[in-house]
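One letter stands for each residue in the lines below.
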Amino acid sequence: MRFSQFGLTTLKEVPAEAEIVSHQLMLRAGLIRRLASGLFTWMPIGLRVLRKVEDVVREEMDRAGALELLMPAVQPAELWQESGRWDEYGPLLLRMQDRGERDFCFGPTHEEVITDIARRELRSYKQLPVNFYQIQTKFRDEIRPRFGVMRSREFIMKDAYSFDLDQAGMEASYQKMHAAYTAIFERLGLEFRVVDADSGEIGGSRSQEFHVLAESGEDAIAYCDADNYASNIETAQTTRPPGERPAAAETLRRVATPGIKTIEALCDFLGTTPQQTLKTLIVEGTDGPVALVLRGDHELNAVKAQRIPGVASPLIMATPELVREVTGSPPGFAGPIGLDIPVYYDHATATMSDFVCGANEIDQHFHGANFGRDIDVAETVDIRNVVAGDPTPGGTGTLSIARGIEVGHIFQLGDKYSQALGATVQNPDGKNQTMQMGCYGIGITRIVGAAIEQNHDENGIIWPGPLAPFDVVLVPINLQRSEIVRDAAEALYAELTQRGFDVLFDDRDARPGVKFADAELIGVPHRLVISERNLAAGEIEYRHRRDAESRNLKREEALNLLEE
Ligand code: ATP
Ligand code: MG
């Protein structure tokens, strides 16, 4: 590819709308352009990267025996009503009507459509197992599209769906996809981790996510290598701490805490620590509000909390008006003593005594509060996020926390969709049997952003080889004025192309500094520089994008190095 014909413009300035480095670099290097919130055009150079991701994914899916098909992006409402998700899926679902005022949606995922295919096409257990996949555009009306292609509204997903006769078959299909995903992310050269996960709107019994590790990741991952444990923090479990609750030593005192709004300020004022306080959160419930009580330094885990019977799912925090109604005071002073609604206590409160909590009255807290004496002792539940240092569920190790970007998610669905849509096959006994399903998603477009988050420096992108839009950038110095350079560069360009390399030939009439800067920004792994001086010595200047210095090599040496 000749740079002069590429129509590419790179940007020197960091675009103000981009919060994280991958988004900034994708805009600066001309990989994407924004159309509207969460909608992006993939420019030619970005599309080259996207195709490389697709190629690896397609190869590994084919190798795992999955069959590619292509389903419509637009789906009729009737199918979603059959599964029950027309009402359940909520505002992420982009709904529309055709000219006959029939309801449709733009598919955020394809369980319904594929299950409809399966119930029509699959008749006998002899057709199983089967796994269909597609690489296709999805739409989710995300509440906060951000980070460029990492959380966009329109994006490309590889989604696969397996059908088996029974549970054991489904588990085997799931393990195959686990292995295929592992191969994909290894081949793409990304540092990743597989973690246990929540199944969300998709449903089913078990799921695992594949995360690319990066500081900017939206997800937190709890892991312990010694225990071989890894889970999204959304589902990482905590248990009741060991040991007995110390006996009460203090008397219950009501203290005035005028104008104090935060736990930190409260602790400063009372000379205590967040670990010695209780925080009481009021949330909406199915039969009226519910209180959730945590140790002051802990965070509520919404995924776990919304599973408690009586708590609204998805979790909804009470409005200030509701807090006032329940506690008789504005937000900030809620506490469990004298509260007349269902209260759930986190496990970590099980060994607390002599603590501080809100008094359900403006500018008032209790000091020296105790279970058994001031509040009834209750069963404790798991409603907080784990923190670094917590014991693993196995109990032998301690957890560390890392940040990750979810690039893949695999689910054991069981019969959630096949039951609802009546997808059965004849089993060996001649009876109809509901099929067992799995589903498996990879965020193709998100991978590009995630790869950059993990691989960049202050000058630009550093593509892992398999993702690079070009393998080699060829930079001739003084191309327009030196016949020797022009002949040598054209000959090398032809030879490299002939050998099968993707070459970016920077034939622009621009200063070397400009060309070098663009090559680094775009992140081409190998750079070859041709100049009159080097040619006189029969050499080419070579530099890998990760090298600090360039070095001169004989032409043949350079070619051999690229072949390697
Ligand atoms: P998230 O938790 O990030 O919202 P999800 O769990 O809702 O994602 P899945 O339904 O598991 O997503 O979809 C499969 C894959 O599609 C995800 O692992 C992710 O890589 C990708 N994906 C999901 N939502 C988006 C989005 N808004 N933009 C880009 N990629 C996405
Ligand atoms: Mg997911």
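Next up on the list: the overall build of the protein. Within the protein, the secondary structure is distributed over 15 helices and 30 strands. Structurally, the protein occupies a C-alpha span of about 95 × 70 × 55 Å along its principal axes. Within the protein, buried positions represent 53% of all 564 residues. Long-range pairs, those at least 24 residues apart, make up 69% of the contacts in the protein between residues at least 6 apart in sequence. Taken as a whole, the protein presents about 25,400 Å² of accessible surface, with 49% of it coming from carbon and sulfur. Of the side-chain charges in the protein, 59 are positive and 85 negative, and the distance between the mean point of each set is 4 Å.

With that settled, consider the site of ligand 1. As a structural note, the neighbourhood of ligand 1 is formed by 14 residues, with Arg-140, Glu-142, Arg-151, Ser-152 and Glu-406 the closest of them. A distance of 3.3 Å separates an oxygen atom of ligand 1 from a polar atom in the backbone of Gly-443. In the complex, 87% of the free accessible area of ligand 1, which totals 580 Å², lies under the protein chains. Those elements giving two or more residues to the shell around ligand 1 turn out to be β8 (154-164) and β20 (400-414). Considering each element in turn, the shell around ligand 1 owes the most residues, 4 residues, to β20.

Okay, the sheet that holds strand β16 (residues 343-346) next. Spatial ordering of the open sheet is given by β14-β15-β16-β19, a layout of 4 strands whose pairing is mixed. Two strands close off the open sheet at either side, each with one partner strand: β14 (278-283) and β19 (380-381). Looking at chain direction, strand β15 (residues 290-295) and β16 are connected through 3 bridges and run parallel. Bridge assignment links Ala-291 to a residue of β16, and that residue is Val-343.

Counting 64 residues, the largest nonpolar core has Tyr-181, Phe-185, Leu-188 and Trp-463 as its most contacted members. With sequence-adjacent residues up to four places away left out, Leu-188 is seen in contact with Val-53, Val-56, Ile-447, Pro-464, Pro-466 and Leu-467. Counting residues in hydrophobic clusters, the runner-up holds 29 residues, among them Tyr-89, Leu-128, Met-435 and Cys-439.

Strands sit in the order β13-β18-β17 across an open sheet of 3 strands; the sheet is antiparallel. Among the strands making up the open sheet, the edge pair consists of β13 (253-256) and β17 (355-358). Sheet twist, expressed as the mean angle between neighbouring strand axes with direction ignored, is 30°. Where β17 meets strand β18 (residues 364-369), 3 bridges bridge the pair, whose relative direction is antiparallel. Residue Phe-355 lies in a different strand from β18, and its bridge partner there is Ala-369.

Before going further, it helps to examine helix α15 (residues 555-563). Within α15 the residues assigned to the buried category are Ala-558, Leu-559 and Leu-562. Down the axis of α15, the buried side of the element spans an arc of 95°, and every buried residue falls inside it. Summarising the contacts, the buried residues of α15 are in contact with β26 (472-476), α12 (483-498), β28 (526-530), β29 (539-544) and β30 (551-554).

Criteria and thresholds
Residues numbered from 1 in each chain as written. Chains lettered and ligands numbered in written order. Predicted model: local features only at pLDDT ≥ 70, side-chain atom pairs only at ≥ 80, totals over all residues. Heavy atoms only, no water. Helix = DSSP H or I, 4+ residues; strand = E, 2+ residues; numbered from the N terminus. Buried < 20%, exposed > 50% of the residue type's maximum accessible area, 1.4 Å probe, protein only. Contact = heavy atoms within 4.5 Å. Areas by Shrake-Rupley, 256 points an atom, 1.4 Å probe, with all protein chains shown as cover. Lys, Arg positive; Asp, Glu negative; His and termini not counted. Charge placed at Lys NZ, Arg CZ, Asp CG, Glu CD. Near = heavy atom within 4 Å. Polar contact = N/O pair within 3.5 Å; in protein donor to acceptor, adjacent residues only side chain to side chain. Pairing = 2+ DSSP bridges. Core = buried A, V, L, I, M, F, W, Y, C linked by side-chain atoms within 4.5 Å. Axes fitted to C-alpha atoms, helices over the stretch in contact; angles between N-to-C directions. Arc of directions from axis to C-beta.

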